[in-house]
Amino acid sequence: MEKTKIAVLVSGGGTNLQALIDAQNSGIIKSGEIVAVISNKPDVYALTRAENAGIKGYVANKKQLGAGFEDELVRILTEVKAEIIILAGFMCILSENFTKRYPN
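Structure report, in brief. (Residues numbered from 1 in each chain as written. Predicted model: local features only at pLDDT ≥ 70, side-chain atom pairs only at ≥ 80, totals over all residues. Heavy atoms only, no water.)

### Considerations on the packing of aromatic side chains
In the structure shown here, the tally under the stated rule is one aromatic pair. Positioned above the aromatic ring of Tyr 58 is the side chain of Lys 56, whose terminal nitrogen or guanidinium carbon lies 5.4 Å from the ring centre. (Phe/Tyr/Trp six-rings, centres within 6.5 Å; stacked < 30°, edge-to-face > 60°. Lys NZ or Arg CZ within 6 Å of the ring centre and 35° of its normal.)

Here it is as structure tokens:
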């Protein structure tokens, strides 16, 4: 059985992300796999946690991308074929247009 692809959006240290990684590693998360960690800021420890766990990390820098920020999120989520998106300490408000794209 193929596992559901999970993307985790983060903004900081990644303590919530680490709990998800630990749950995945211990088998608590059985039918899903974290395939990407996406930060809205560069140089956050959550990206180091992802790297240490062998999970691909991405940065969609909101300050640099401005209005293109959500387009970059969509590009990454599409690239990794994310089926579930978890906001784990993600400190950005996403537009209605974005959330309608991912209704569940």
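We are not done yet, so read on.
### Let's talk about the sheet that holds strand E1 (residues 4-10)
One open sheet holds the four strands; their spatial order is E3-E2-E1-E4, and the pairing between them is parallel. Both edges of this open sheet fall to strand E3 (57-59) and strand E4 (84-87), since each of them pairs with a single strand only. Strand after strand, the sheet turns through a mean of 25° between neighbouring axes, direction not considered. Bridging between strand E2 (residues 32-39) and E3 involves three bridges; their strand directions are parallel. Along E3, the bridge assignment pairs Val 37 with Gly 57. Of the strands in this sheet, E1, E2 and E3 touch helix H2 (residues 45-52), which is tilted by about 145° from E2. (Pairing = 2+ DSSP bridges. Helix = DSSP H or I, 4+ residues; strand = E, 2+ residues; numbered from the N terminus. Axes fitted to C-alpha atoms, helices over the stretch in contact; angles between N-to-C directions. Contact = heavy atoms within 4.5 Å.)

### Some remarks on helix H4 (residues 69-79)
Phe 69, Glu 70, Leu 73, Val 74, Ile 76 and Leu 77 are the residues of H4 that are buried. Relative to the axis of H4, the buried residues are bounded by an arc of 165° and lie together on one face. H4 presents Asp 71 and Thr 78 as exposed residues on the side facing more than 90 degrees away from its buried surface. Those residues of H4 that are buried are in contact with E1, E2, E3, helix H3 (62-65), E4 and helix H5 (96-101). Once H4 finishes, Lys 81 follows within two positions and takes phi at roughly 60°, a positive value. (Buried < 20%, exposed > 50% of the residue type's maximum accessible area, 1.4 Å probe, protein only. Arc of directions from axis to C-beta.)

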